[in-house]
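# Coordinates in review
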Amino acid sequence: MHYTVDHEWLRLEGDLVVVGITEHASEQLGDVVFVELPEVGRVVAAGDEVSVIESVKAASDILSPLAGEVVEVNERIAADPSLINADPMSAWFFKLKVAELDLSGFMDETAYKALIG
Amino acid sequence: MRTALYDLHVALGARMVEFAGYEMPVSYPLGILAEHLHVRAQAGLFDVSHMGQILVRDAAALEALVPVDLRALPVGRQRYGFFTNAAGGILDDLMIVNRGSDYLLVVNAGCKAADLAHLRAHLAADLIEDRALLALQGPAAEAVLARLVPQVSALKFMDYCEADWQGVGLWITRSGYTGEDGFEISLPEAHARGFAQALLAEPEVAMIGLGARDSLRLEAGMPLYGHDIDAQTSPVAAGLGFAISPRRRAEGGFWGAEPILRDLADPARRRVGLLPEGRAPMREGVELYSEISGGAPIGAISSGGFSPSLGRPIAMAILPASLPFGAVIYGELRGKRLPLTLAPLPFIQTNYKR
């Protein structure tokens, strides 16, 4: 498991990178009422906005941690955004096929826990 | 600045935000969604002490500033009103209580200083600085409050009374900002925490933050100053013509009377409810169009968000009065125009005890 400074988690599944948001992010957001997922097939650069999450009060962007192609999205969370609050570590958003797998810029669990304090 | 209940909010685990210069609770561990639903189902307690409580005595001078018929307001009754400006816009909306010996005005926190200055230019006005203001709202509000203050059962919507709780002088109106039956209670700051905790000890009551306060009033179709109404907004377009009393319509004699009365005779725009299709909330500022492409905006969303009671997005905007309910318009969200349907306000049934 790796983590970004924007409170996303990444895990490897074969040659795909699966991305979600952390418990910390989910708590900060509050009740999620809407999720917009990227289109399957979309090619993204690192830092591109790929998803929008809306809580009752506000909208948040999810930025792609890596460059790649979106090969799968989690329709379950689009249909029921409350799953993100219920179990953020398994409520994945999208899966990326990445050209270059470079995880050196991301945190491991220890470093992430230190970040959130 | 902090209200008398700041320590209680922190002790209850509130997430605090800055609002109108005050540190206020936006939500508690329950969360905005659950807090909102709790108010509609049982009873929610809100700290609204940041709002301004002002006493005035000169009814005639006050009438020049607010198009309300104060002569027709009986002692022990409250009216909703708004300060107008010379251009026919709204400086603030407020509640006015006739207490016999004086009038109690309750104004928005963000407008407190400006309202006081505006009043003082025309009449004597005392800002009360040592009283907290709490709101208890929901279908269980009467049952709960009557356990502490039995006489509230006799109050009807927009009545005012003074009551004693354990030697503490309470000023109570039966009103609120949620669409539910409920009460607003003014009491000395020194006793605010004790009273709040007495209410919280009742099983039906939960503490509610400003986040849910906003979603509740939006469902009830109530405007929020600085968002749905401002100094450039016509009260008629804002759907607040009902607060201009008949005698004041006939006689005028208030700031901006000319453009406002002209508007009343022939309203060009009106505030309506909007139901975005799909699940994406459309929030304040989203530009609205009559066609799916092209054309100039016909308005913009003034308040919008997610409705916990309806489980869908809702919004409000001031639009051409010719657009009927049921009409489909488009909001531009993240570069795409998405449909919304015009709907009457409120979005939910209100439950005032009339």
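Because the structure is a prediction, the values reported are computed rather than measured.

Before going further, it helps to examine the overall build of chain A. Within chain A, the regular secondary structure consists of four helices and nine strands. The linear arrangement of helices and strands in chain A, starting from the amino end, is β-β-β-α-β-β-β-β-β-α-α-β-α. Computed over the C-alpha atoms, the radius of gyration of chain A is 13 Å, within 12% of the 13 Å expected from 2.2 N^0.38 for a compact globule of 117 residues. The buried share among the 117 residues of chain A stands at 45%. Counting only contacts in chain A whose residues sit at least 6 apart along the sequence, the fraction spanning at least 24 positions is 59%. Charged side chains of chain A number 7 positive and 22 negative; the gap between the two group centres comes to 4 Å.

So, on to the overall build of chain B. Across its full length, chain B holds nine helices and 19 strands. Against the globule reference of 20 Å for 354 residues, chain B gives a C-alpha radius of gyration of 20 Å, in line with a compact fold. Its C-alpha atoms give chain B principal-axis dimensions of about 65 × 50 × 35 Å. When the 354 residues of chain B are sorted by exposure, 59% land in the buried category. Of the contacts made within chain B by residues no fewer than 6 positions apart, 67% connect residues no fewer than 24 positions apart. For chain B, the exposed surface amounts to about 13700 Å²; the carbon and sulfur share of it is 54%. Measuring between centres, the 32 positive side-chain charges of chain B sit 4 Å from its 38 negative side-chain charges.

Below, the discussion takes up the interface of chain B and chain A. At the junction of the two partners, chain B supplies 14 residues and chain A supplies 15 residues. Roughly 1300 Å² is buried in total at the junction of chain B and chain A, and carbon and sulfur atoms are behind 52% of that figure. Contact with chain A buries surface across chain B, with B:R279, B:R283 and B:R334 losing the most and accounting together for 44% of the total. At the boundary of chain B with chain A, the tally comes to four salt bridges. A salt bridge links B:R334 to A:E36; the shortest N-O distance between them is 3.6 Å. Across the contact surface, chain B and chain A share eight residue pairs in polar contact (both at pLDDT 80 or more). Mapped by element, the contributors of at least two residues to the side of chain B that touches chain A are α2 (32-41) and α7 (210-219) of chain B.

Before going further, it helps to examine the confidence of the model for chain B. When pLDDT is low, close inspection of the predicted coordinates is not appropriate. Within chain B, residue pLDDT values average 97, and 100% of them lie at 70 or more. What the predictor reports for the complex is a pTM of 0.95 with an ipTM of 0.87.

Two pairing modes exist for strands in a sheet, parallel and antiparallel, and in both the strands are linked by backbone hydrogen bonds. All names here are of chain A. Reading across the sheet, the three strands line up as β4-β6-β7 and stay open at both edges, with antiparallel pairing between neighbours. One side of each edge strand has no neighbouring strand; the edge strands of this open sheet are β4 (32-36) and β7 (59-63). Direction aside, the axes of adjacent strands within the sheet are offset by 20° on average. Pairing of β4 with strand β6 (residues 49-55), which is carried by four bridges, proceeds in the antiparallel orientation. Paired with E36 across the two strands is V52, which belongs to β6.

Per the stated rule, a full pass over the model turns up 28 salt bridges over all chains. With a shortest N-O distance of 3.6 Å, B:D214 and A:K57 are connected by a salt bridge. Of the two residues, B:D214 is situated in helix α7 and A:K57 in the loop between β6 and β7; the pairing between them involves two chains. Here B:E63 makes a salt bridge to B:R248, at a shortest N to O gap of 4.0 Å.

Residue and element names in this part refer to chain B. Evaluated as defined, the whole model comprises one cavity of 30 Å³ or more. Of the pockets and cavities examined, the largest cavity occupies roughly 70 Å³. In terms of lining residues, the largest cavity is bounded by Q78, M95, L104, V106, L133, Y160, W171, I172, T173, E184 and S186. Elements represented by at least two residues in the lining of the largest cavity include exactly β7 (103-107), β11 (168-173) and β12 (182-188). When residues of the lining of the largest cavity are assigned to their parent elements, the largest contribution, three residues, is made by β11. By residue class, the composition of the lining of the largest cavity is seven nonpolar, three polar and one charged.

Moving on, we come to unusual backbone geometry. All names here are of chain B. With an omega dihedral of -5°, the bond running from L345 to P346 counts as a cis peptide bond. Its location among the elements puts P346 in the segment after β19 (336-343). Positioned with a positive phi, A20 is a non-glycine residue whose angle comes to about 50°. On the secondary structure map, A20 appears in the loop between β1 (15-19) and β2 (22-27). With a relative accessible area of 33%, A20 lands in the partly exposed category.

To continue, consider the side chain of A:E54. Summarising the element assignment, A:E54 is placed in strand β6. A relative accessible area of 2% places A:E54 in the buried class. Reaching out from A:E54, the side chain makes a polar contact with the side chain of B:R283 at a distance of 2.5 Å. If sequence neighbours within four positions are ignored, A:E54 has contacts with A:D31, A:V32, A:V33, A:F34, A:A59, B:P281, B:R283 and B:R334.

So, about the packing of helix α5 (residues 141-148) of chain B against helix α6 (residues 192-200) of chain B. Residue and element names in this part refer to chain B. Where α5 contacts α6, the two axes come as close as 10 Å, and the packing angle between them is 125°. The angle between the axes of α5 and α6 places the two elements in the oblique class. You can see that α5 and α6 cross each other, and the crossing is right-handed. Counting all contacts with α5, which are made through V144, L145 and L148, the residues of α6 involved are F195, A198 and L199. Residue composition of the contact of α5 with α6, grouped by class: six nonpolar, no polar and no charged.

Residues and elements named next belong to chain B. Counting residues in hydrophobic clusters, the biggest one holds 58 residues, and the most contacted among them are L104, L274, L288, I301, L319, I329 and L342. Per-element accounting of this core gives the leading share, four residues, to strand β17 (residues 312-320). Counting residues in each nonpolar core, the second largest holds 33 residues, with A14, Y28, V144 and I185 among its members.

Each value, and the rule that gives it
Residues numbered from 1 in each chain as written. Chains lettered and ligands numbered in written order. Predicted model: local features only at pLDDT ≥ 70, side-chain atom pairs only at ≥ 80, totals over all residues. Heavy atoms only, no water. Helix = DSSP H or I, 4+ residues; strand = E, 2+ residues; numbered from the N terminus. Rg over C-alpha atoms; globule rule 2.2 N^0.38 Å. Buried < 20%, exposed > 50% of the residue type's maximum accessible area, 1.4 Å probe, protein only. Contact = heavy atoms within 4.5 Å. Lys, Arg positive; Asp, Glu negative; His and termini not counted. Charge placed at Lys NZ, Arg CZ, Asp CG, Glu CD. Areas by Shrake-Rupley, 256 points an atom, 1.4 Å probe, with all protein chains shown as cover. Buried area = accessible area lost by both parts, 1.4 Å probe. Salt bridge = Lys/Arg side-chain N within 4 Å of Asp/Glu carboxyl O. Polar contact = N/O pair within 3.5 Å; in protein donor to acceptor, adjacent residues only side chain to side chain. pLDDT = per-residue confidence, 0-100. Pairing = 2+ DSSP bridges. Axes fitted to C-alpha atoms, helices over the stretch in contact; angles between N-to-C directions. 1 Å grid on protein atoms, 1.4 Å probe; cavity = no way out; pocket = protein on both sides within 12 Å on 5 of 7 lines; lining within 4 Å. Points joined across faces, edges and corners; volume = space filled by probe spheres on them. Nonpolar A, V, L, I, M, F, W, Y, C, P; charged D, E, K, R; others polar. Parallel < 35°, antiparallel > 145°, perpendicular 65-115°, else oblique. Left-handed = near helix turned anticlockwise from the far one by under 90°. Core = buried A, V, L, I, M, F, W, Y, C linked by side-chain atoms within 4.5 Å.

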